[in-house]
Amino acid sequence: TEAPPPAPLPSYDMLALPEGVTLDKGRVGEFDGMMGRFEQTHGVSHEAAAQFRQELVNMYVAEQQRSLQLQHENWNRTREGWRGEIKDNPAYGKTRFDQTMKDVAAVRDRFSSPQFLQMIEFTGAGDHPGMIEFANNVAKFLDKHGLLREGRPLATTIKPVQQPQSRSKRRYANGPNL
């Protein structure tokens, strides 16, 4: 005789989740399958299994939120460390810090696109010592050549970089367009 087919796995109510928390439906389905097999294999009551399921999910969500909070705090400490490095750097920090920040702001305000500003805000790159050093060096170069002063139009101070032309384009520049 053949063995009877296995009993269908039990189903569970919706999980209670904190506001704003969502779980992948596929993964919840896998988890519910594990819980159903656990319930059947160990003879646990459906109510006890459902309660244990909710407690496990609560613990998982709490740990995820704690982990995200720790990552956020660590990122903020990293950015604070970068700002400290900038302030302590003898080349552009310490007594030069205020002027450096003005120079960096002048470069940022003059040459940055909204997308670039969004990127440095989102990534925190604007706090990185390398970014400050780069912008400060650009400011020094532009100031040395009188290109950073207010009132001087950008179009008359910096010529766009032109791509080199091929030899045939240079040779036949004034020829017919074929």
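About the criteria used
Residues numbered from 1 in each chain as written. Predicted model: local features only at pLDDT ≥ 70, side-chain atom pairs only at ≥ 80, totals over all residues. Heavy atoms only, no water. Helix = DSSP H or I, 4+ residues; strand = E, 2+ residues; numbered from the N terminus. Buried < 20%, exposed > 50% of the residue type's maximum accessible area, 1.4 Å probe, protein only. Contact = heavy atoms within 4.5 Å. Core = buried A, V, L, I, M, F, W, Y, C linked by side-chain atoms within 4.5 Å. Salt bridge = Lys/Arg side-chain N within 4 Å of Asp/Glu carboxyl O.

Let us now look at the overall build of the chain. The helix and strand tally for the chain stands at seven helices and zero strands. Listing the helices and strands of the chain from first to last along the sequence gives α-α-α-α-α-α-α. Residues counted as buried form 22% of the 178 residues belonging to the chain. Across the chain, every contact between residues at least 6 apart in sequence was considered, and the portion connecting residues at least 24 apart equals 67%.

Of all hydrophobic cores here, the largest spans eight residues; its members are Tyr12, Leu15, Val28, Phe31, Met35, Ala49, Val57 and Val61. When contributions to this core are tallied by element, the ones reaching two or more residues are helix H1 (25–42) and helix H2 (46–88). If we skip the residues at most four places from it in the chain, Val61 touches Leu17, Pro18 and Val21. Listed in part, the six residues of the second largest apolar core include Ile86, Tyr92, Phe97 and Ala135.

As for its placement among the helices and strands, Asn136 is situated in helix H5 (residues 129–144). Taking relative accessible area as the criterion, Asn136 reaches 1% and is therefore assigned buried. Once residues within four sequence positions are removed from consideration, Asn136 is found in contact with Tyr92, Arg96, Thr100, Asp103 and Val104.

It is worth spelling out the pattern of salt bridges at this point. A complete count under the given rule lists seven salt bridges for this structure. Note that Arg53 is salt-bridged to Asp32, the shortest N-O span being 2.5 Å. Of this pair, Arg53 sits in helix H2 while Asp32 sits in helix H1, placing them 21 residues apart in sequence. The class of Asp32 is buried, set by a relative accessible area of 17%.

Working note: non-glycine residues mostly have negative phi, and peptide bonds are mostly trans. Positive phi is not limited to glycine here, since Lys94 has a value of about 45 degrees. Relative to the assigned elements, Lys94 resides in the loop between H2 and helix H3 (97–111). Among the residues examined, Lys94 registers a relative accessible area of 53% and is labelled exposed.

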